[in-house]
Structures are given as C-alpha cells and as structure tokens.
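# Remarks on the overall topology
Spelled out from the first residue to the last, the chains are:
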Amino acid sequence: MNERSLSGSAGQETRLSGPEGHSTREPGQRPAAHWRPYSVNVEVTLACNLRCLHCGSTAGHARREELSTDEWRRVFQELAALDGDEVCLLGGEALVRRDWRELCEAVGEAGLGLVLITNGLLVDHDAAAFLASLPCTRRVGVSLDGDDPKVHDYLRGKPGAHASAWSALERLREAGVETGAITTVSRGNLKELPALRDRFLGADITWQIQCASLGGERFEGDMRLSREEFYEVGAFIAACRSEYRPHELPVAGSHDLGYCSSRFGHVGELSEWPGCGAGLYTLGIESNGDVKGCLSQHHDFVEDSVRRRSLTDIWNDPKLFQRNRAFRKEQLEGLCATCEHGEGCRAGCSNVAYTSTGRLFDNPYCFHRIEQEEEP
C-alpha cells in the first residue's frame, strides 16, 4: 500500500499532524530531547490481498522474519515511553495478519491512539464493530481510487475491490468509527476526482488526496502525473475547500502535495507547509523492524533496526535522521537553493524529491516552483 498518512478531521479545520509547536520551528532550534515521535506509521506486514499498480512498497508477500506480536508490543511500549501519541497500522494489508486485533489492542494497552489504514476487503461487520469497541481507535482510512468501479479495480488489481472498499467505509461509519477515504492519484484516475468529490459531499467521510510516486515495481513512469497535472490536483483541492465548508466536504492533501503556492495557499491539513517531519515528529517502522524517519522514504534511508537495538536508542542517536535534524540551507540544490521558502520547506517531501531527481534537496513537484517557472 502506498498510503502513509491519514488526515484527522481533514479540511480547513484539521488537527495538527505533529505536536503543536514542534513542526513549525527549524530543527536546529531544538535540542534532540525535544524531538518526539508523535505520529508513527507501522507496516505490520508487507503481505497484501491486492496488487495495486501504484504501491510504493510493491506489497504482496510478507517480508522475511516479520516482527511477532510480542515484538510489536515492545515497540509500542517504547513509543509510549518516548512520549508518542498515536500509531497508524498499515501494510501491505494489516488485516491479513492473524493477530491484527491483538496488535490494535496492544496499541491501546501502551496508552497510544490507534489509526488503521486498510483496502477494505476484510472489513466485515464484525471487524467494524471490533474497531468501534476499542477506546484507543481514533480513525480508520480506506483506500478508494475512483468513483467508477472499473477504474478502482484496475488500479488495485482485483475485480470487486471497489465494492469492498465502499462497503467498508459504510460499515465503519455506521459502527461509529471516524472514517476517512484515501485517494492516490495517478494518470489512471486523475479524471475521477470530480466524481469522488460528489460521492463524498455530505457523506460524513474525511477525504485525503495524495499523488503516486515513482519507486514501486508495478508503477510505470508514464502513469505518474506530470507537473502540470500535479498542479491541477492542488488547484482542485483548493477549489473544493473554497466552495464547501469542512463539515460538508472535509478534504486535504497529504504531505506530498505542495508547496507554498501564492495562488491558492497550502492544501494540506495546516495553513502552511512546516517542512518534512521525518525523524522530528514522525517515524516509520517496516514489518521486519527496519526504522526510517518516514515510512514513505526509499529503502536507501533505513536508519537502524529494532532487532539490533532499542527504539529508544535509535530515536535518541544524534547520528541518525540527519536529513532533517542536521539540515542546513546550504544543502538545497537546483531551484530549491534559491527559493525564498527553502529554509522552512527543506525541499518538501524527501521521498518525492529523491524519486524525482535522485537528490534529497531538489524537488520539482512544488506548486511555488511551477508558478515561478510559468512566469515570463
């Protein structure tokens, strides 16, 4: 699965993705003791019952020696001790693990909030009721990539996937779970956005929009949005937020949508883009225990493993998570090096920058940059 975050109450009034105050200041202004793994994405398995074309992880089969239930319990306890706030369980497909309910309960037992992302195939009434019964459950996100079932099913690699996803959204909402839909946009479904908007309007479902990145083995390069199409997605979100109130259509872009547009502002959860949070207030853990600053980051950026040493030691290691913790403006490259927003933006999403240019600090998928290059 390529989904790596989920809006809270998405839209203009959304809650902060990171701890208030932590994400809006430069890393150099804060000693390591104040960095906090506020929101952590946990890939509990790489096994999946779909074969999505855009999947950045190329999910399908489990990794070798994935963490056991007890190992995940230890990780959750360590996150709580590090003053974490919530854990998002995903895959692959989290619900294919036989112990997925135990893992959900373990998140709550550690005193953390639970977020779950699923493709919906295994969300029956019993699963929805179970998630609703957990005091720790904050929200559940379901992938929905098109209003047209043929489009969704093609992108997800399975007939009937659309029907299962929509049924899951309805069951979760009826069970009383805060429910969100996640749409990953490529050229295969860009034209579906208006129809999805109409489907979600007044449906009491939050909507997160993100763009497919290069990296997965099934995602062909010609399916990636051009920079003009990417900008079109931002303009679409901005138009939705201008036309509808948050309670009518709670919609927001993910961390890869932006940045710093002078025409329609920021389209994410916050009013401004605070810069990549990897290793500052977010963390990603793969199913074999490998740790990255963000689960969306390329595998080249694995920092360590919870099987080699404790998560506490990894998080507090001053040599790790250097992309953001040791950032200097002089590291910016290309047009990012001359950008007025460069110091705070830090070239946007590190995964988008790296998969686009092979560099961490040169990001062509940027609203401000596109606007500047359009000027005569």
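For the structure itself, look to the data block above.
Residues numbered from 1 in each chain as written. Predicted model: local features only at pLDDT ≥ 70, side-chain atom pairs only at ≥ 80, totals over all residues. Heavy atoms only, no water.

### As for the overall build of the chain
If you tally the helices and strands in the chain, you get twelve helices and ten strands. Sorting the 376 residues of the chain into buried and exposed places 60% on the buried side. Sequence-distant contacts, at least 24 apart, represent 72% of the contacts inside the chain between residues at least 6 apart. As presented, the chain carries roughly 14900 Å² of accessible surface, and 46% of it is formed by carbon and sulfur atoms. (Helix = DSSP H or I, 4+ residues; strand = E, 2+ residues; numbered from the N terminus. Buried < 20%, exposed > 50% of the residue type's maximum accessible area, 1.4 Å probe, protein only. Contact = heavy atoms within 4.5 Å. Areas by Shrake-Rupley, 256 points an atom, 1.4 Å probe, with all protein chains shown as cover.)

### Some remarks on helix H2 (residues 100-109)
The set of residues buried in H2 consists of Trp100, Leu103, Cys104, Ala106 and Val107. For H2, the angular spread of the buried residues around the axis is 160°, confining them to a single face. Looking at the buried positions of H2, the neighbouring elements they touch are helix H1 (69-81), strand S2 (86-90), strand S3 (113-118) and helix H3 (125-133). Gly111 sits one or two residues past H2 and shows a positive phi near 85°. (Arc of directions from axis to C-beta.)

### Details of the pairing of S3
Consecutive residues of a regular strand have side chains that alternate between opposite faces of the sheet. The element S3 is extensively covered by neighbouring structure, given that six of its six residues are classed as buried. Every second residue of S3 is oriented toward a common face, with Gly113, Val115 and Ile117 on one face and Leu114, Leu116 and Thr118 on the other, all of them buried. Sheet topology places S2 next to S3; four bridges connect them, and they run parallel. By the bridge assignment, Cys88 is partnered in S3 with Val115. For the handedness criterion, the β-α-β arrangement of S2, H2 and S3 is classed as right-handed. Where the polypeptide runs from S3 across H3 and back to strand S4 (residues 137-143), its parallel neighbour, the crossover connection is right-handed. (Pairing = 2+ DSSP bridges. Right-handed = clockwise from strand over helix to strand, strands pointing away.)

### A word on the state of the cysteines
Where two cysteines share a covalent bond between their sulfur atoms, that bond is called a disulfide. The full count for this structure, using the stated rule, is zero disulfides. A disulfide-free cysteine, Cys336 has its sulfur positioned 6.4 Å from the sulfur of Cys366, the nearest such atom. (Disulfide = S-S within 2.5 Å.)

### Quick look at unusual backbone geometry
Note that the residue after Gly91, namely Gly92, is joined by a cis bond; omega there is 20°. Here Gly92 lies in the loop between S2 and H2. Along the chain, Gly258 connects to Tyr259 via a cis peptide bond; the corresponding omega equals 25°. Within the secondary structure, Tyr259 sits in the loop between strand S7 (251-253) and strand S8 (282-285). If you check the backbone angles, Glu65 has positive phi at about 55° while not being a glycine. Along the chain, Glu65 falls in the loop between strand S1 (39-43) and H1. The phi dihedral of Phe321 is positive, around 55°, even though this residue is not glycine. Its location among the elements puts Phe321 in the loop between helix H8 (311-316) and helix H9 (322-325). Its relative accessible area of 3% is what places Phe321 among the buried residues.

### Remarks on the nonpolar core
Judged by nonpolar contacts, the single largest core of 85 residues is most densely connected at Phe76, Leu89, Leu131, Trp207 and Val233. The leading source of residues in this core is helix H7 (residues 227-243), at seven residues. By size, the runner-up hydrophobic cluster in this structure holds seven residues, among which are Leu46, Cys48, Leu50 and Cys52. (Core = buried A, V, L, I, M, F, W, Y, C linked by side-chain atoms within 4.5 Å.)

By themselves, these observations are geometric and do not establish any function.
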